[in-house]
Amino acid sequence: MTNKIAEGFLQHVVKFRKLFIIVFLLVFIGISGVSYFLNGRTYKSGVEFYIFKSFDDSKTENNFLLTKEEIEILKSIATSEQLFLSVVNSQKLVTYYNKKFSFEAEDILKNASTVTIDEHSKISIYAEDLDKYFAFGLADAMRKKINVLYNDYLKTFKKSQILKFDQGIHHYYMEKQNIERAFSQYPSSLLSLKFLTDSLNGPNYIKKINKCSQETGIKITDVMGILNLFHRLEKVQEQIYLYTDLKQQIQNALYMLDRNHTFITNKNIHFKRTVDLSYHFILGLKFAVLADLALILLITFLNWYKTEFNFILKSQND
C-alpha cells in the first residue's frame, strides 16, 4: 500500500512538474518579496556622544573622560530595564509595535538597539526600524534617558558625600568645643603662649618650652598641655575648613547636574539599510515547498477519488 502511494506520488510529480515549478517559483518569489518588504527594509540610525562628568570633579586636562568606574556604571544603565521601559513608554512602542504588553515591546527594542561604550568613554547608540527617522528618535530617546539616569545616580552619590562631610564637620565642631572647654582649666595668662605652637615641630623646642617655663614660672606640664591644645585646635579648624570646602564643591557639582552635559559628536539618520537575505530566502523556500506538497496531495486526492467525483457529477446532471 505504501509503495502504491509513493508510486502515485511520483507519477503526479513527473506529470505535473511544470505546474509544480511554476507554483514553487511564484510562492517563493511572493513570500520572499512580502517578507522583505515588511521586515527587511530596516534602517539603522543612531547618535554618538560623550558625557562630561567625573566623581572627583577635578579640573584636569582629561576631565571630560569618564573613569573606569563611571563607564561600568553607564554600561549597567545601558542594559537596565528602567532604560528600556522608559523609552517604550515615552515613544509609545506598545502601540507602535502593535503589542499588548510592555515587556513585548521591550524585547523588540532590545533586539533592535545596541549601546556601546569604548575605553575613551564615547557612547554609541543605534536603533533599527522601517522608518529611519523613528529609528533615530529611539536612539536619541535612549541617549537622553541614559543621561538622566546617570545624573540621578550621581545625585544620589554626591548627596551621600555631602552627608559624610556634614558628619565630619559636626564631629570636628564637637571636638573644637571640647578643646575650648579644656582651655578653661588654665589661667588666661597661658593663652598668650599660642605663639609657641609654631615651634612645637621645630628644632630645640624642648629648650624653648623650658625657657618659657622659667621666665613665666608656669609648670612645664601646663605649658605642654596648653600648647598641645593650641596644636589640636589648629588641626581641627583645618579639617573643618577642608570639609566645608569639599561640601561646597559637591553642592556646586550637584547643582550643575540639572543641566545637560552630553556632547554629541555624530548623528546618523540613515546609517545603512539592514537586509538579512538568508532569512527571507529560507522563509520563501519553506512556503514554496509547502505549497507544492499541498498541491501534490490535492492532485493525488482528486485522482484517487476521480471515479466517485464523476459519479456524483453525473448523478447531479441526470
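Throughout what follows, the structure given in this document is the object of discussion. Please read all numbers here as calculations on a predicted model, not as lab measurements. (Residues numbered from 1 in each chain as written. Predicted model: local features only at pLDDT ≥ 70, side-chain atom pairs only at ≥ 80, totals over all residues. Heavy atoms only, no water.)

**Some points on helix α4 (residues 81-90)**
By the burial criterion, the buried members of α4 are Leu83, Phe84, Val87 and Val88. Across the axial projection of α4, the buried residues extend over an arc of 130°, all falling on one side. Buried-residue contacts for α4 involve α3 (68-78), α5 (93-96), α6 (102-112), β2 (113-117) and α7 (132-183). (Buried < 20%, exposed > 50% of the residue type's maximum accessible area, 1.4 Å probe, protein only. Helix = DSSP H or I, 4+ residues; strand = E, 2+ residues; numbered from the N terminus. Arc of directions from axis to C-beta. Contact = heavy atoms within 4.5 Å.)

**Thoughts on the packing of α4 against α7**
Between α4 and α7, the shortest axis-to-axis distance is 10 Å and the interhelical angle comes to 130°. Compared by their axis directions, α4 and α7 come out oblique. In terms of crossing hand, the pair formed by α4 and α7 is right-handed. Of the residues in α7, those in contact with Gln82, Leu83, Phe84, Ser86 and Val87 of α4 are Leu138, Ala141, Met142, Lys145, Ile146 and Leu149. (Axes fitted to C-alpha atoms, helices over the stretch in contact; angles between N-to-C directions. Parallel < 35°, antiparallel > 145°, perpendicular 65-115°, else oblique. Left-handed = near helix turned anticlockwise from the far one by under 90°.)

**Here's the deal with the pattern of salt bridges**
For the coordinates displayed, the defined rule picks out six salt bridges. When the shortest N-O distance is used, the salt bridge between Lys122 and Glu48 registers 3.8 Å. Note that Lys122 is positioned in the loop between β2 and β3 (123-129) and Glu48 in strand β1 (residues 42-51), a separation of 74 residues in sequence. Judged by its relative accessible area of 14%, Glu48 falls in the buried class. Across the salt bridge formed by Glu72 and Lys75, the nearest N and O atoms sit 3.9 Å from each other. Within this pair, Glu72 and its partner Lys75 are both found in helix α3, separated by three residues, close to a single helical turn. Here the salt bridges do not stand alone but share partners, grouping Asp140, Arg143 and Lys144 into one network. (Salt bridge = Lys/Arg side-chain N within 4 Å of Asp/Glu carboxyl O.)

So, to be careful, I would describe these as geometric facts and stop short of saying anything about function.
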